[in-house]
Amino acid sequence: MATSRTRRVTMSEVAERAGVSRTTVSFVLNARADAAIPEETQARIRAAIEELGYRPNAGARALAAKRSEWYGLITEIVTAPFAVDVIKGAQDRAWADGKFLLITAGDTDPAMEAAAFDKLLEQRAEGLLYATTWHRAVKLPPAAREVPVVLVNCFDADGALPSVVPDEVAGGYTATGRLLDAGHRRIGFINLDAGIPAAVGRRLGYEQALREAGLGIDDSLVVPGHATADGGYAAACSLLDRTDRPTALFCGNDRTAMGAYDAIKERGLRIPDDIAVIGFDNQELIAAYLRPGLTTVALPFELMGAKGVDMLGALTAGQPLTTTQVTVDCPLIERSSV
């Protein structure tokens, strides 16, 4: 049996109930201050709206006001843990500004991503956030230039769009500094794949901390872990089987740290008594449930989402940005591995 739908209340019915013209109702709905409608009349219209259950047509209001009160957010995988954090930060900040967030997955298919931009623009989104799950350069479709756009955890390959990114160098410095503060002087670094911004930045921070501590840079202590548990295991094995093995490991992400834990325990070593381990990212499902719990540096996805909305709000209001790239600190999350 077909399900019946409730008939939509019209603006004309609201006008009839309130005893005013349809134009007057429209002016009240669109907050037209220049219409000089008496407060008593406005109250009567609002009461009629409430009684009848009238819902304004969002598309028509957007056309009339030239503002939709919507921001769009495009991210690769909506259900990924990091994407959820970006969405939360952006959504909370947008709500505080009286805005709403339309969220869609861009996936890794260029055609699907272009369609996502087109659909959000069809909904008259005032501005767009584009977020990635890992820090890198991106190139967006031409439609991205039609409204203000802010990139989150990525940056424009052409340098034309503003962005919010993690401070990878400071994060690497923080992680290495924590190991130095614990008394370690021979620190191995299981890095990510060469050339990506996270790998470059985190290594620079690692080297900066060592130099400031008066220590030399031993390139043989830097081993790629390829951002995977298997890669972290293999890299840790190569470092731990040296006769001059390090007393601490800085792992480029928490997945490589998980692999390093296995290599350490296979050799009968204890964490942190025999060797300390620190990670990066703060993937809760890994870092909090390793034994012992993994001390790590967090990628501030929630804060990046919020700051992206701050920048988007300034752009949609026609305000110039003081900088085109905002870097966000990566905080240390203490657990039990150092």
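Check the entry above for the structure.
These lines cover the structure that appears in this document, whether it is placed above or below. As the structure is a computational prediction, the values presented were derived from the model and not from experiment.

Attention shifts here to the sheet that holds strand 12 (residues 332-333). Strand order in the open sheet formed by six strands is 7-6-8-9-10-12, with mixed pairing between adjacent strands. Sheet topology places strand 7 (222-224) and strand 12 at the edges, where each strand pairs with a single neighbour. Of the strand pairs in this sheet, strand 9 (residues 276-281) and strand 10 (residues 295-298) are connected by four bridges, and their pairing is parallel. Bridge pairing links I278 to T295 in strand 10. Set on the sheet, helix 8 (residues 197-212) makes contact with strand 6 (187-191), strand 7, strand 8 (248-251) and strand 9; between it and strand 6 the angle comes to about 170 degrees.

Among the secondary structure elements, L321 is positioned in the loop between helix 12 (301-316) and strand 11 (325-328). Here L321 is in contact with P162, M311, A314 and L315, once residues within four sequence places are set aside.

Before going further, it helps to spend a moment on the side chain of K99. Checked against the element boundaries, K99 lands in the loop between helix 5 (81-96) and strand 2 (100-105). Given a relative accessible area of 12%, K99 falls into the buried group.

Burial analysis of strand 4 (residues 149-156) places seven of its eight residues in the buried class, which makes it a mostly covered element. Where strand 3 (residues 127-138) and strand 4 come together, seven bridges link them in parallel fashion. Looking at the pairing, R136 lines up with C154 of strand 4. Pairing analysis gives two bridges linking strand 4 to strand 5 (residues 163-166), with the strands arranged parallel. By the bridge assignment, V152 is partnered in strand 5 with V164.

Going residue by residue along strand 8, you find A248 and F250 tucked away on one face and L249 and C251 tucked away on the opposite face as well. Summarising the sheet, strand 6 and strand 8 pair through four bridges and their orientation is parallel. Note on strand 8: the bridge partner recorded for G188 is L249. Bridge count between strand 8 and strand 9: three bridges; the pairing is parallel. Note that in strand 9 the partner of L249 across the bridge is V277. Taken together, strand 8, helix 10 (residues 254-266) and strand 9 form a β-α-β motif whose crossover is right-handed.

Grouped together as the largest cluster of nonpolar side chains are 59 residues, with contacts concentrated most on L249 and F250. In contact with L249, not counting residues within four places along its chain, are L179, G188, I190, A236, L239, A260, I264, I275, A276, V277 and I278. Formed by 17 residues, the second largest nonpolar core is a distinct cluster that contains L128, V138, L151 and L161.

What counts as what
Residues numbered from 1 in each chain as written. Predicted model: local features only at pLDDT ≥ 70, side-chain atom pairs only at ≥ 80, totals over all residues. Heavy atoms only, no water. Pairing = 2+ DSSP bridges. Helix = DSSP H or I, 4+ residues; strand = E, 2+ residues; numbered from the N terminus. Contact = heavy atoms within 4.5 Å. Axes fitted to C-alpha atoms, helices over the stretch in contact; angles between N-to-C directions. Buried < 20%, exposed > 50% of the residue type's maximum accessible area, 1.4 Å probe, protein only. Right-handed = clockwise from strand over helix to strand, strands pointing away. Core = buried A, V, L, I, M, F, W, Y, C linked by side-chain atoms within 4.5 Å.

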